[in-house]
Amino acid sequence: MSKWQSNAESRCSTGTQTDSMQGQVPRLSKVNLFTLLSLWMEMFPSEKYDLIKRKSQPKRTGLVVVLNMKIVGLHCSSEELHAGQIAVIKHGSKLKDCDLYFSRKPCSACLKMIVNAGVNRISYWPSDPEISLQKEISEHTSNGDAKLDAKAVERLKSNSRAHVCVLLQPLACNMVQFVEETSLKCDFIQKIERKQPDFSSRIFYAYRQEKMKEYEAHLLISSEETHKEILRLMGLENLCENPYFISLRQNMKELVLILATVASSVPSHCGFGFYLSESQQIKKQQSLIQEIALHCIIQARILAYRAEDHKIGVGAVIWAERKSVAADCDGTGSMYFLGCGYNAFPVGSEYADFPHMDDKQKDREIRKFRYIIHAEQNAITFRCHEIKPEEKTMIFVTKCPCDECVPLIKGAGIQQIYAGDMDIGKKKADISYMKFEELTGVSRYTWQQNPQNEYNDTRANSMNQHDGT
Ligand SMILES: Nc1ccn([C@H]2C[C@H](O)[C@@H](COP(=O)(O)OP(=O)(O)OP(=O)(O)O)O2)c(=O)n1
């Protein structure tokens, strides 16, 4: 096992949902799931913060806060505050024993407070740190200061009880291919295909290429020499030697490719977005801006790659919008994370405890449906905040909520659902999707072309040209 391939998962995953499962399809490890979500949080849409143009210090950073292997916070730095500072403001002493996954190595100002709060582990993505060590960026401030900060971070690291490390794990065999195939088959792409027969996988790949270019520019370091220099300055000289260095870069590139693939599975193609279901369109609703809805549904799509149902992975994430603007210090603005989940067997169960068969199996007793916990059910059960009736709470699900979940979502006080709807109206012996369409009192946003505007297809044309079609 190479040096960054920590055995952390085997140490820490006891007591989580059937980690021992050896399914037929590849799954993301929890460590890679948290890492991917931290990278994705760095991209949280924000008007104030122009991700592309920003070259100054500090670099925008995403953060996932985990307690007992469950996510309790998703954050990103804002104009005024670093991700680590936001973690301290939002979680305070509750950070004790948490694991923090940063999309960049945090600066000394953040690290000292996090260590002081008693966190268990701090993992960071081994690219350019928050206080950039890339010459062209740090020259705007002072490269000397950036190096000084890197040294202070090392001192804090060596004197702290918390384990500050790079936790990346090799992806399961065929994971990249699996994510590609399932992204092409997901509800959102299927819906576009149904409405736009011209849509082809080539267009999907064109979107992916565009995203890959954008994410590589943010999350990777193109020059091997610069990358090695930065790793050395961060005290990771062990990773600069081959074969570790080559595998590290390959591992990082594959994770970024997964992110680009998943993000391309919900493309804003031909005016597609999340809009109120037909029967609700007369309602005057305060809906989310499309970029944020897309961002959250992509979080749910990432979570789905941790699912235990090898036929279909479903992900769900719950966010709420705070009423008082005064508390908006997070890069996520007034939005705050409430909970997330994916479909899996009950906590603590082992792979062989329950049947895994679907409705093709004639014997109903050995079907999975009575045992599997749905993505929404896990998100509601393991939420980290109460759902407040005076605030707008939203759930983002990659698949249509089924008849078991619809009353749960409504009963929990969730006011908006953003979901795929390909299964709407399906009736099966053990799981049906009849109640979603009839649901009242909760706004249903489904993936469709903007019903208000005639779509002007400049973007589609440009993608077609891009694609050479
Ligand atoms: N909103 C939803 C919908 C479904 N699921 C999960 C629960 C089960 O793990 C699986 C059931 O999915 P299907 O209804 O697609 O059933 P099958 O997996 O049997 O597929 P098929 O469509 O072939 O019947 O998805 C979920 O977590 N959340």
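Residues numbered from 1 in each chain as written. Predicted model: local features only at pLDDT ≥ 70, side-chain atom pairs only at ≥ 80, totals over all residues. Heavy atoms only, no water.

*Asks:* Would you mind showing me how to read the pairing of strand S9 (residues 392–397) here?
*Replies:* Side-chain direction in a regular strand flips from residue to residue, so the side chains alternate between the two faces of the sheet. The buried fraction of S9 amounts to six of the six residues, a majority that puts the element mostly inside the structure. What you see with S9 is no split at all: Lys392, Met394 and Phe396 on one side and Thr393, Ile395 and Val397 on the other are buried throughout. In terms of strand pairing, strand S7 (residues 315–321) meets S9 through six bridges, oriented antiparallel. Considered in S9, the bridge of Ile318 is made with Ile395. Summarising the sheet, S9 and strand S10 (residues 416–419) pair through four bridges and their orientation is parallel. Note on S10: the bridge partner recorded for Phe396 is Tyr418. With helix H14 (residues 406–411) bridging S9 and the parallel S10, this β-α-β connection has right-handed handedness. (Buried < 20%, exposed > 50% of the residue type's maximum accessible area, 1.4 Å probe, protein only. Helix = DSSP H or I, 4+ residues; strand = E, 2+ residues; numbered from the N terminus. Pairing = 2+ DSSP bridges. Right-handed = clockwise from strand over helix to strand, strands pointing away.)

*Asks:* Help me understand helix H10 (residues 224–233), please; the structure alone is not making it clear to me.
*Replies:* Since the α-helix packs 3.6 residues into each turn, any two residues three or four apart lie on the same face. Here H10 has its buried residues at His227, Lys228, Ile230 and Leu231. The buried residues of H10 occupy one face: seen down the axis, they fall within an arc of 165 degrees. You can read the cap of H10 off the contacts: a side-chain oxygen lies 3.3 Å from the backbone nitrogen of Glu225, and it is on Ser223. (Arc of directions from axis to C-beta. Polar contact = N/O pair within 3.5 Å; in protein donor to acceptor, adjacent residues only side chain to side chain.)

*Asks:* Would you mind going over the confidence of the model for the protein chain with me for this structure?
*Replies:* Should pLDDT be low for a region, the predicted coordinates there are not to be read in detail. Of the residues in the protein chain, 87% have a pLDDT of 70 or more, and the chain-wide mean is 89. For the stretch residues 456–469, pLDDT sits under 50, and the model shows 17 contacts to residues farther than four places along the chain or on other chains. Scoring of the predicted complex yields 0.91 for pTM and 0.86 for ipTM. (pLDDT = per-residue confidence, 0-100. Contact = heavy atoms within 4.5 Å.)

*Asks:* What's the story with the site of the ligand in this structure? I'm lost.
*Replies:* Near the ligand lie 22 residues; those nearest to it are Asp309, Lys311, Glu376, Lys428 and Tyr433. Measuring from an oxygen atom of the ligand, one finds a side-chain N or O atom of Lys368 at 2.7 Å. About the coverage of the ligand: the protein hides 93% of its 590 Å² of free accessible area. Across the shell around the ligand, the residue classes tally to 10 nonpolar, two polar and 10 charged. (Near = heavy atom within 4 Å. Areas by Shrake-Rupley, 256 points an atom, 1.4 Å probe, with all protein chains shown as cover. Nonpolar A, V, L, I, M, F, W, Y, C, P; charged D, E, K, R; others polar.)

*Asks:* Sorry if this is basic, but what is going on with the packing of aromatic side chains here?
*Replies:* Each aromatic ring pair is specified by the distance between its two centres and by the angle formed by the two planes. Enumeration according to the criterion identifies 15 aromatic pairs in this entry. Pairing Phe274 with Tyr418 gives two aromatic rings, centres 6.0 Å apart and planes at 70 degrees, and the pair type is edge-to-face. With Phe274 in strand S6 (residues 272–276) and Tyr418 in strand S10, this pair connects stretches of sequence that are 144 residues apart. An identical accessibility class is assigned to Phe274 and Tyr418; each is buried. In textbook terms, an aromatic cluster arises when at least three aromatic residues are bridged by ring pairs, as seen for Phe188, Phe272, Phe274, Phe396, Tyr418, Tyr445 and Trp447. Here Lys70 stacks its cationic end above the ring of Phe382, 4.6 Å away from the centre of that ring. Taking the ring centre of Phe436 as reference, the NZ or CZ of Arg444 above it sits at 5.8 Å. (Phe/Tyr/Trp six-rings, centres within 6.5 Å; stacked < 30°, edge-to-face > 60°. Lys NZ or Arg CZ within 6 Å of the ring centre and 35° of its normal.)

*Asks:* Explain the packing of helix H11 (residues 244–264) against helix H12 (residues 290–303) to me, please; I cannot follow it from the model alone.
*Replies:* Any two packed helices are characterised by the angle at which their axes cross and by the distance between the axes. The N-to-C vectors of H11 and H12 enclose an angle of 120 degrees; their axes lie 9 Å apart at closest approach. The pairing of H11 with H12 is recorded here as oblique in orientation. The handedness of the crossing between H11 and H12 is right-handed. Packed against H11, whose contacting residues are Leu259, Val262 and Ala263, the element H12 presents Ile298, Arg301 and Ile302 at the interface. (Axes fitted to C-alpha atoms, helices over the stretch in contact; angles between N-to-C directions. Parallel < 35°, antiparallel > 145°, perpendicular 65-115°, else oblique. Left-handed = near helix turned anticlockwise from the far one by under 90°.)

*Asks:* Looking at this model, I keep getting lost on helix H7 (residues 175–185). Mind explaining?
*Replies:* Looking at H7, one finds that the buried residues are Met175, Val176, Phe178, Val179, Glu180, Ser183 and Leu184. On the buried face of H7, the contacting elements are helix H8 (187–195), helix H9 (201–219), H11 and H12.

*Asks:* What is the right way to look at the sheet that holds strand S8 (residues 335–342) in this model?
*Replies:* Within a sheet, each strand pairs with its neighbour through backbone hydrogen bonds, oriented either parallel or antiparallel. Here we have six strands laid out as an open sheet, ordered S6-S11-S10-S9-S7-S8, and mixed in their pairing. Looking along the sheet, the strands with just one partner apiece sit at the ends: S6 and S8. Between one strand and the next, the sheet's axes are offset by a mean angle of 25 degrees, whatever the strand orientation. Bridge count for S10 against strand S11 (residues 443–449) is four bridges, and the pairing is parallel. Bridge assignment links Gln416 to a residue of S11, and that residue is Ser443. Packed onto the sheet, H8 meets S6, S9, S10 and S11 and runs at close to 55 degrees relative to S11.

*Asks:* I keep staring at the sheet that holds strand S3 (residues 99–102) and nothing clicks. Help me out?
*Replies:* One open sheet holds the five strands; their spatial order is S2-S1-S3-S4-S5, and the pairing between them is mixed. Strand pairing shows two members of the sheet lacking a second neighbour, strand S2 (70–76) and strand S5 (163–165), which therefore form its edges. For this sheet, the mean inter-axis angle between neighbouring strands, taken without regard to orientation, is 15 degrees. Note that strand S1 (residues 62–67) and S2 share six bridges and pair antiparallel. Across the sheet, the residue bridging to Leu63 is His75, located in S2.

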